[in-house]
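Residue-level structural notes
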Amino acid sequence: MAKAPPAPTDAPLPASYEEALAELERLVASMEGGQLPLDALLGSYRRGAELLNFCRSRLEAVETQVRLLEDGQLKPWGDA
């Protein structure tokens, strides 16, 4: 049985969206492996929820900045 280190739920959030996404992808892969004990699985789920919220907030911040740059209109990427 492979044992992954438990995901600390009090760990600081990553410095960037990309770091958070990479950590989230690692957590999902370890959880999908089905080899984590229940406590580690729960800790990973909690950490994943924190990372997901962080990523969502970063994306929303970028969307707000794009709206400001586009005079309040969020334009599709393909129409640039």
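Our structure's up above, just so we're on the same page.
Residues numbered from 1 in each chain as written. Predicted model: local features only at pLDDT ≥ 70, side-chain atom pairs only at ≥ 80, totals over all residues. Heavy atoms only, no water.

Observations regarding helix 1 (residues 17–32)
Between the first and last C-alpha of helix 1 there are 22 Å, a value that for 16 residues agrees with the 22 Å anticipated at 1.5 Å per step. Listing the buried residues of helix 1 in full gives A20, E23, L24 and L27. In a view along the axis of helix 1, the buried residues occupy a sector of 100 degrees, so they form one face of it. In helix 1, those exposed residues whose orientation departs by more than 90 degrees from the buried face are E18, E25, R26 and E32. (Helix = DSSP H or I, 4+ residues; strand = E, 2+ residues; numbered from the N terminus. Expected span 1.5 Å × (residues − 1). Buried < 20%, exposed > 50% of the residue type's maximum accessible area, 1.4 Å probe, protein only. Arc of directions from axis to C-beta.)

Focus: the side chain of R47
Note that R47 resides in helix 2 (residues 38–69). Look at R47 and you get buried, because its relative accessible area is 2%. Within the structure, the side chain of R47 is placed 3.1 Å from the backbone oxygen of P12, a separation counted as a polar contact. (Polar contact = N/O pair within 3.5 Å; in protein donor to acceptor, adjacent residues only side chain to side chain.)

Let's talk about the packing of helix 1 against helix 2
Here helix 1 crosses helix 2 at 150 degrees, and the two axes come no closer than 9 Å. When the interaxial angle is binned, helix 1 and helix 2 end up roughly antiparallel. Note that helix 1 runs across helix 2; the crossing there is left-handed. Counted together, Y17, A20, L21, E23, L24, L27 and M31 of helix 1 and L41, S44, Y45, R47, G48, L51, L52, F54, C55, R58 and L59 of helix 2 form the full contact between these two elements. Here the contact of helix 1 with helix 2 is composed, by residue class, of 13 nonpolar, 2 polar and 3 charged. (Axes fitted to C-alpha atoms, helices over the stretch in contact; angles between N-to-C directions. Parallel < 35°, antiparallel > 145°, perpendicular 65-115°, else oblique. Left-handed = near helix turned anticlockwise from the far one by under 90°. Contact = heavy atoms within 4.5 Å. Nonpolar A, V, L, I, M, F, W, Y, C, P; charged D, E, K, R; others polar.)

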